[in-house]
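Here's the letter readout for the chains.
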Amino acid sequence: MGRKGKKEPAEPQYYMSATNMPAYNYKVYYMSFLEKALYFLLAFAVGAAVGYLFYGGIGKDQYGDPTTLTWVLDIGISGGVGITAGVLFLPIRTKQIIKKRRRNLSSQFRDMLDALSTSLGAGKNVMESFTSVYEDLKVQYDEGAFILRELELILSGIANNIEIEELLLDFGERSGVDDIKSFANVFKISYRKGGNIKDTIRTTHQILSDKMEISEEIETVVTSNKMEQNMMIAMPVILVGLIKMMSPDFAANFATPTGILSTTIAVVMFVVAYYVGKNILDIKV
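The paragraphs below set out a description of the structure included in this document. Since the structure is predicted, the reported quantities are computational estimates derived from the model, not experimental observations.

Reading guide: rules and limits
- Residues numbered from 1 in each chain as written.
- Predicted model: local features only at pLDDT ≥ 70, side-chain atom pairs only at ≥ 80, totals over all residues.
- Heavy atoms only, no water.
- Helix = DSSP H or I, 4+ residues; strand = E, 2+ residues; numbered from the N terminus.
- Rg over C-alpha atoms; globule rule 2.2 N^0.38 Å.
- Buried < 20%, exposed > 50% of the residue type's maximum accessible area, 1.4 Å probe, protein only.
- Contact = heavy atoms within 4.5 Å.
- Areas by Shrake-Rupley, 256 points an atom, 1.4 Å probe, with all protein chains shown as cover.
- Lys, Arg positive; Asp, Glu negative; His and termini not counted.
- Charge placed at Lys NZ, Arg CZ, Asp CG, Glu CD.
- Phe/Tyr/Trp six-rings, centres within 6.5 Å; stacked < 30°, edge-to-face > 60°.
- Salt bridge = Lys/Arg side-chain N within 4 Å of Asp/Glu carboxyl O.
- Axes fitted to C-alpha atoms, helices over the stretch in contact; angles between N-to-C directions.
- Parallel < 35°, antiparallel > 145°, perpendicular 65-115°, else oblique.
- Left-handed = near helix turned anticlockwise from the far one by under 90°.
- Nonpolar A, V, L, I, M, F, W, Y, C, P; charged D, E, K, R; others polar.
- Polar contact = N/O pair within 3.5 Å; in protein donor to acceptor, adjacent residues only side chain to side chain.

This next bit is on the overall build of the protein. Scanning the protein from terminus to terminus reveals 9 helices and 2 strands. Its helices and strands in sequence order give the protein the pattern β-β-α-α-α-α-α-α-α-α-α, from N to C terminus. Its C-alpha atoms give the protein a radius of gyration of 27 Å, clearly above 19 Å, the size a compact globule of 285 residues would have. Across the 285 residues that make up the protein, the buried fraction comes to 34%. By sequence separation, contacts in the protein at least 24 residues apart represent 62% of the contacts at least 6 residues apart. Here the protein has roughly 17800 Å² of accessible surface; of this, 63% comes from carbon and sulfur atoms. Taking the average place of the 30 positive charges on the side chains of the protein and the average place of its 31 negative ones, the gap between the two points comes to 6 Å.

Put into C-alpha coordinates, the structure is as follows:
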(Lines give C-alpha, C1' and ligand atoms only; values in the text may rest on other atoms or scores of the structure.)
Protein backbone atom coordinates (compact mmCIF):
# COMPACT_ATOMS: atom_id res chain seq x y z
CA MET A 1 0.00 0.00 0.00
CA GLY A 2 1.41 3.39 -0.96
CA ARG A 3 1.80 6.28 1.42
CA LYS A 4 -1.10 8.66 1.87
CA GLY A 5 -0.76 11.74 -0.24
CA LYS A 6 1.93 10.16 -2.41
CA LYS A 7 1.85 11.67 -5.86
CA GLU A 8 0.91 9.28 -8.65
CA PRO A 9 3.55 8.99 -11.38
CA ALA A 10 2.70 10.84 -14.58
CA GLU A 11 1.59 8.80 -17.56
CA PRO A 12 4.38 8.38 -20.13
CA GLN A 13 4.05 9.82 -23.62
CA TYR A 14 5.07 6.43 -25.06
CA TYR A 15 4.63 2.84 -23.93
CA MET A 16 6.84 0.03 -25.13
CA SER A 17 4.76 -2.53 -27.01
CA ALA A 18 5.21 -6.30 -26.86
CA THR A 19 7.24 -6.07 -30.08
CA ASN A 20 9.57 -3.38 -28.61
CA MET A 21 8.05 -0.63 -30.72
CA PRO A 22 7.12 2.70 -29.08
CA ALA A 23 3.33 2.98 -28.75
CA TYR A 24 1.95 6.52 -28.53
CA ASN A 25 -0.20 7.52 -25.54
CA TYR A 26 -2.86 9.90 -26.87
CA LYS A 27 -4.21 10.74 -23.42
CA VAL A 28 -1.29 13.00 -22.54
CA TYR A 29 1.00 15.44 -24.29
CA TYR A 30 4.26 16.82 -22.95
CA MET A 31 5.61 19.93 -24.57
CA SER A 32 9.27 20.24 -25.35
CA PHE A 33 11.24 22.99 -23.61
CA LEU A 34 11.15 25.08 -26.79
CA GLU A 35 7.38 24.71 -27.11
CA LYS A 36 6.87 25.69 -23.48
CA ALA A 37 9.14 28.70 -23.86
CA LEU A 38 7.43 29.93 -27.04
CA TYR A 39 3.88 29.52 -25.73
CA PHE A 40 4.81 31.04 -22.37
CA LEU A 41 6.45 34.06 -24.00
CA LEU A 42 3.46 34.55 -26.30
CA ALA A 43 0.99 34.46 -23.40
CA PHE A 44 3.31 36.57 -21.26
CA ALA A 45 3.50 39.29 -23.93
CA VAL A 46 -0.29 39.41 -24.33
CA GLY A 47 -0.90 39.31 -20.58
CA ALA A 48 1.69 41.99 -19.82
CA ALA A 49 0.28 44.27 -22.53
CA VAL A 50 -3.28 43.86 -21.21
CA GLY A 51 -2.11 44.37 -17.62
CA TYR A 52 -0.33 47.58 -18.55
CA LEU A 53 -3.31 48.76 -20.61
CA PHE A 54 -5.74 48.36 -17.69
CA TYR A 55 -3.48 49.26 -14.77
CA GLY A 56 -0.66 51.32 -16.26
CA GLY A 57 -0.03 54.81 -14.88
CA ILE A 58 -1.00 54.14 -11.26
CA GLY A 59 0.86 56.17 -8.63
CA LYS A 60 1.36 59.44 -10.50
CA ASP A 61 1.86 62.63 -8.50
CA GLN A 62 -0.67 65.42 -8.12
CA TYR A 63 0.47 66.96 -11.39
CA GLY A 64 -0.09 63.77 -13.36
CA ASP A 65 3.60 63.00 -13.77
CA PRO A 66 4.92 59.45 -13.29
CA THR A 67 6.84 58.73 -10.12
CA THR A 68 9.18 55.96 -9.06
CA LEU A 69 6.13 54.18 -7.65
CA THR A 70 4.48 54.41 -11.08
CA TRP A 71 7.40 52.64 -12.78
CA VAL A 72 7.55 49.98 -10.05
CA LEU A 73 3.81 49.30 -10.28
CA ASP A 74 3.84 49.28 -14.08
CA ILE A 75 6.63 46.70 -14.16
CA GLY A 76 5.26 44.68 -11.23
CA ILE A 77 1.64 44.55 -12.37
CA SER A 78 2.45 43.95 -16.06
CA GLY A 79 5.00 41.29 -15.16
CA GLY A 80 2.64 39.62 -12.68
CA VAL A 81 -0.25 39.52 -15.15
CA GLY A 82 2.10 38.29 -17.88
CA ILE A 83 3.48 35.46 -15.73
CA THR A 84 -0.02 34.47 -14.63
CA ALA A 85 -1.18 34.41 -18.27
CA GLY A 86 1.80 32.27 -19.27
CA VAL A 87 1.28 29.77 -16.43
CA LEU A 88 -2.46 29.46 -17.13
CA PHE A 89 -2.07 29.23 -20.91
CA LEU A 90 0.31 26.23 -20.97
CA PRO A 91 -2.23 23.65 -19.66
CA ILE A 92 -4.96 25.20 -21.81
CA ARG A 93 -2.79 24.85 -24.91
CA THR A 94 -1.85 21.29 -23.92
CA LYS A 95 -5.54 20.33 -23.72
CA GLN A 96 -6.15 21.92 -27.12
CA ILE A 97 -3.34 19.86 -28.67
CA ILE A 98 -4.61 16.62 -27.08
CA LYS A 99 -8.15 17.34 -28.27
CA LYS A 100 -6.95 18.07 -31.81
CA ARG A 101 -4.87 14.89 -31.94
CA ARG A 102 -7.76 12.76 -30.74
CA ARG A 103 -10.04 14.35 -33.32
CA ASN A 104 -7.51 13.58 -36.07
CA LEU A 105 -7.10 10.04 -34.77
CA SER A 106 -10.88 9.48 -34.80
CA SER A 107 -11.09 10.70 -38.39
CA GLN A 108 -8.20 8.46 -39.45
CA PHE A 109 -9.70 5.51 -37.57
CA ARG A 110 -12.96 5.99 -39.47
CA ASP A 111 -11.02 5.80 -42.74
CA MET A 112 -9.30 2.65 -41.48
CA LEU A 113 -12.67 1.01 -40.77
CA ASP A 114 -13.93 2.03 -44.21
CA ALA A 115 -10.93 0.43 -45.90
CA LEU A 116 -11.12 -2.61 -43.61
CA SER A 117 -14.80 -3.14 -44.40
CA THR A 118 -14.07 -2.92 -48.13
CA SER A 119 -11.19 -5.37 -47.87
CA LEU A 120 -13.21 -7.91 -45.86
CA GLY A 121 -16.06 -7.52 -48.33
CA ALA A 122 -13.66 -8.49 -51.12
CA GLY A 123 -13.16 -11.88 -49.47
CA LYS A 124 -9.89 -11.37 -47.60
CA ASN A 125 -9.43 -12.66 -44.08
CA VAL A 126 -8.81 -10.34 -41.13
CA MET A 127 -5.01 -10.61 -41.20
CA GLU A 128 -4.80 -9.96 -44.93
CA SER A 129 -7.26 -7.10 -44.62
CA PHE A 130 -5.14 -5.19 -42.11
CA THR A 131 -2.13 -5.51 -44.40
CA SER A 132 -4.22 -4.25 -47.34
CA VAL A 133 -5.58 -1.36 -45.26
CA TYR A 134 -2.07 -0.30 -44.30
CA GLU A 135 -1.01 -0.18 -47.94
CA ASP A 136 -4.14 1.78 -48.88
CA LEU A 137 -3.74 4.35 -46.12
CA LYS A 138 -0.06 4.85 -46.88
CA VAL A 139 -1.25 6.46 -50.11
CA GLN A 140 -3.86 8.58 -48.34
CA TYR A 141 -1.80 9.83 -45.37
CA ASP A 142 1.68 11.22 -44.94
CA GLU A 143 4.35 9.11 -43.30
CA GLY A 144 4.08 9.35 -39.53
CA ALA A 145 0.28 9.73 -39.43
CA PHE A 146 -1.23 8.34 -36.24
CA ILE A 147 -3.22 5.58 -37.93
CA LEU A 148 -0.19 4.40 -39.90
CA ARG A 149 1.80 4.09 -36.67
CA GLU A 150 -0.99 2.05 -35.13
CA LEU A 151 -1.31 -0.23 -38.14
CA GLU A 152 2.45 -0.80 -38.06
CA LEU A 153 2.12 -1.86 -34.42
CA ILE A 154 -0.78 -4.16 -35.28
CA LEU A 155 1.03 -5.77 -38.22
CA SER A 156 4.20 -6.17 -36.18
CA GLY A 157 2.19 -7.81 -33.40
CA ILE A 158 0.49 -10.18 -35.83
CA ALA A 159 3.90 -11.16 -37.24
CA ASN A 160 5.03 -11.97 -33.69
CA ASN A 161 1.97 -14.13 -32.95
CA ILE A 162 0.27 -11.61 -30.67
CA GLU A 163 -3.52 -11.87 -30.71
CA ILE A 164 -5.02 -9.14 -32.87
CA GLU A 165 -7.82 -8.37 -30.42
CA GLU A 166 -5.23 -7.67 -27.70
CA LEU A 167 -3.47 -5.27 -30.05
CA LEU A 168 -6.74 -3.46 -30.74
CA LEU A 169 -7.60 -3.32 -27.03
CA ASP A 170 -4.22 -1.76 -26.34
CA PHE A 171 -4.81 0.76 -29.13
CA GLY A 172 -8.22 1.65 -27.70
CA GLU A 173 -6.87 2.11 -24.18
CA ARG A 174 -4.01 4.36 -25.32
CA SER A 175 -6.23 6.39 -27.63
CA GLY A 176 -8.57 7.65 -24.92
CA VAL A 177 -11.32 7.65 -27.59
CA ASP A 178 -14.49 5.87 -26.50
CA ASP A 179 -15.41 4.77 -30.03
CA ILE A 180 -12.07 3.02 -30.54
CA LYS A 181 -12.33 1.35 -27.13
CA SER A 182 -15.86 0.16 -27.92
CA PHE A 183 -14.80 -1.20 -31.30
CA ALA A 184 -11.89 -3.10 -29.74
CA ASN A 185 -14.17 -4.72 -27.15
CA VAL A 186 -16.84 -5.64 -29.71
CA PHE A 187 -14.17 -6.97 -32.08
CA LYS A 188 -12.73 -9.18 -29.35
CA ILE A 189 -16.12 -10.72 -28.56
CA SER A 190 -17.10 -11.20 -32.20
CA TYR A 191 -13.73 -12.54 -33.30
CA ARG A 192 -13.46 -15.17 -30.58
CA LYS A 193 -17.15 -16.11 -30.50
CA GLY A 194 -17.41 -16.53 -34.26
CA GLY A 195 -19.47 -13.40 -34.87
CA ASN A 196 -19.80 -11.64 -38.20
CA ILE A 197 -16.71 -9.43 -38.28
CA LYS A 198 -17.76 -7.74 -41.51
CA ASP A 199 -21.06 -6.60 -40.04
CA THR A 200 -19.34 -5.50 -36.82
CA ILE A 201 -16.85 -3.32 -38.68
CA ARG A 202 -19.49 -1.97 -41.06
CA THR A 203 -21.83 -1.04 -38.20
CA THR A 204 -19.04 0.58 -36.18
CA HIS A 205 -17.94 2.56 -39.21
CA GLN A 206 -21.50 3.79 -39.79
CA ILE A 207 -21.98 4.79 -36.15
CA LEU A 208 -18.63 6.60 -36.05
CA SER A 209 -19.38 8.39 -39.33
CA ASP A 210 -22.79 9.51 -38.04
CA LYS A 211 -21.28 10.80 -34.79
CA MET A 212 -18.59 12.73 -36.64
CA GLU A 213 -21.16 14.26 -39.01
CA ILE A 214 -23.27 15.35 -36.04
CA SER A 215 -20.18 16.80 -34.36
CA GLU A 216 -19.28 18.72 -37.52
CA GLU A 217 -22.84 20.08 -37.81
CA ILE A 218 -22.80 21.19 -34.18
CA GLU A 219 -19.39 22.79 -34.65
CA THR A 220 -20.70 24.69 -37.67
CA VAL A 221 -23.68 25.95 -35.68
CA VAL A 222 -21.68 27.12 -32.67
CA THR A 223 -18.76 28.58 -34.65
CA SER A 224 -20.49 31.94 -34.98
CA ASN A 225 -21.26 31.92 -31.25
CA LYS A 226 -17.62 31.19 -30.46
CA MET A 227 -16.54 34.07 -32.68
CA GLU A 228 -19.00 36.37 -30.91
CA GLN A 229 -17.66 35.19 -27.56
CA ASN A 230 -14.07 35.95 -28.60
CA MET A 231 -15.12 39.38 -29.87
CA MET A 232 -16.90 40.15 -26.60
CA ILE A 233 -13.77 39.21 -24.66
CA ALA A 234 -11.55 41.36 -26.90
CA MET A 235 -13.94 44.31 -27.00
CA PRO A 236 -13.12 45.73 -23.51
CA VAL A 237 -9.40 45.64 -24.32
CA ILE A 238 -9.98 47.46 -27.61
CA LEU A 239 -12.29 50.04 -26.02
CA VAL A 240 -9.89 50.82 -23.18
CA GLY A 241 -7.05 51.13 -25.66
CA LEU A 242 -9.06 53.56 -27.82
CA ILE A 243 -10.07 55.63 -24.78
CA LYS A 244 -6.47 55.94 -23.60
CA MET A 245 -5.29 56.97 -27.06
CA MET A 246 -8.09 59.38 -27.91
CA SER A 247 -8.91 60.86 -24.49
CA PRO A 248 -5.95 60.78 -22.08
CA ASP A 249 -7.71 63.09 -19.62
CA PHE A 250 -10.69 60.77 -19.31
CA ALA A 251 -8.37 57.73 -19.23
CA ALA A 252 -6.70 59.17 -16.14
CA ASN A 253 -9.80 58.08 -14.23
CA PHE A 254 -8.67 54.47 -14.65
CA ALA A 255 -5.73 55.19 -12.30
CA THR A 256 -7.97 56.41 -9.46
CA PRO A 257 -8.98 54.04 -6.62
CA THR A 258 -12.54 53.92 -7.98
CA GLY A 259 -11.24 53.27 -11.49
CA ILE A 260 -8.92 50.50 -10.31
CA LEU A 261 -11.75 48.82 -8.36
CA SER A 262 -14.18 49.11 -11.29
CA THR A 263 -11.57 47.77 -13.73
CA THR A 264 -10.76 44.81 -11.50
CA ILE A 265 -14.44 43.88 -11.07
CA ALA A 266 -14.99 44.17 -14.82
CA VAL A 267 -11.96 42.00 -15.63
CA VAL A 268 -13.10 39.30 -13.17
CA MET A 269 -16.60 39.35 -14.66
CA PHE A 270 -15.28 38.96 -18.21
CA VAL A 271 -12.96 36.11 -17.22
CA VAL A 272 -15.81 34.27 -15.48
CA ALA A 273 -18.10 34.92 -18.47
CA TYR A 274 -15.46 33.52 -20.81
CA TYR A 275 -15.14 30.23 -18.91
CA VAL A 276 -18.91 29.87 -18.50
CA GLY A 277 -19.44 30.51 -22.20
CA LYS A 278 -16.63 28.12 -23.11
CA ASN A 279 -18.23 25.31 -21.10
CA ILE A 280 -21.65 26.01 -22.63
CA LEU A 281 -20.28 25.90 -26.18
CA ASP A 282 -18.17 22.78 -25.56
CA ILE A 283 -20.82 20.31 -26.71
CA LYS A 284 -19.85 16.64 -26.66
CA VAL A 285 -21.57 14.00 -28.77
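Looking now at the packing of aromatic side chains. Under the counting rule described, the total for this entry stands at 9 aromatic pairs. When the ring of phenylalanine 109 is compared with that of phenylalanine 171, the centres are 6.0 Å apart and the planes differ by 65°; the resulting orientation is edge-to-face. In this pair, phenylalanine 109 sits in helix H2 (residues 68–121) while phenylalanine 171 sits in helix H5 (residues 164–175), placing the two residues 62 residues apart along the sequence. We classify phenylalanine 109 as buried; its relative accessible area is 1%. Classification of phenylalanine 171 as buried rests on a relative accessible area of 1%. Chaining the aromatic ring pairs together yields one cluster made of Tyr14, Tyr24, Tyr26 and Phe146.

Counted according to the given criterion, the structure contains 7 salt bridges. We note a salt bridge from glutamate 11 to lysine 27, for which the minimum N-O separation is 3.9 Å. Taken together, the residues span a long stretch of sequence, with glutamate 11 in the segment before strand E1 (14–16) and lysine 27 in the loop between strand E2 (22–24) and helix H1 (33–55) at a distance of 16 residues. The exposure class assigned to lysine 27 is partly exposed, which follows from its relative accessible area of 26%. Look at the salt bridges and you will find they share partners, linking Glu11, Lys27 and Glu173 into a network.

Contact geometry of H5 with helix H6 (residues 178–193) gives a least axis separation of 8 Å together with a crossing angle of 165°. Between H5 and H6, the crossing angle belongs to the class labelled roughly antiparallel. Two packed elements cross with a definite hand, and for H5 against H6 that hand is left-handed. Residues Ile164, Glu165, Glu166, Leu168, Leu169, Phe171, Gly172, Glu173 and Ser175 of H5 touch H6, and the partners they reach there are Ile180, Lys181, Phe183, Ala184, Asn185, Phe187, Lys188, Tyr191 and Arg192. Broken down by class, the residue content of the contact of H5 with H6 amounts to 9 nonpolar, 3 polar and 6 charged.

Now for the side chain of aspartate 74. Tracing the chain through its elements places aspartate 74 in helix H2. Given a relative accessible area of 8%, aspartate 74 falls into the buried group. Setting aside its immediate chain neighbours within four residues, aspartate 74 contacts Tyr52, Tyr55, Gly56, Gly57 and Ile58.

Although it is not a glycine, asparagine 20 sits at a positive phi angle of roughly 60°. Assignment of secondary structure puts asparagine 20 in the loop between E1 and E2. Here asparagine 20 falls in the exposed class, since its relative accessible area comes to 63%. Residues other than glycine seldom take positive phi values, yet asparagine 161 does so here, at roughly 65°. With respect to the element layout, asparagine 161 can be found in the loop between helix H4 (146–159) and H5. With a relative accessible area of 72%, asparagine 161 lands in the exposed category.

Its place among the elements puts threonine 94 in helix H2. Here threonine 94 falls in the buried class, since its relative accessible area comes to 17%. Separated by 2.9 Å, the side chain of threonine 94 and the backbone oxygen of leucine 90 make a polar contact. If sequence neighbours within four positions are ignored, threonine 94 has contacts with Tyr29 and Met31.

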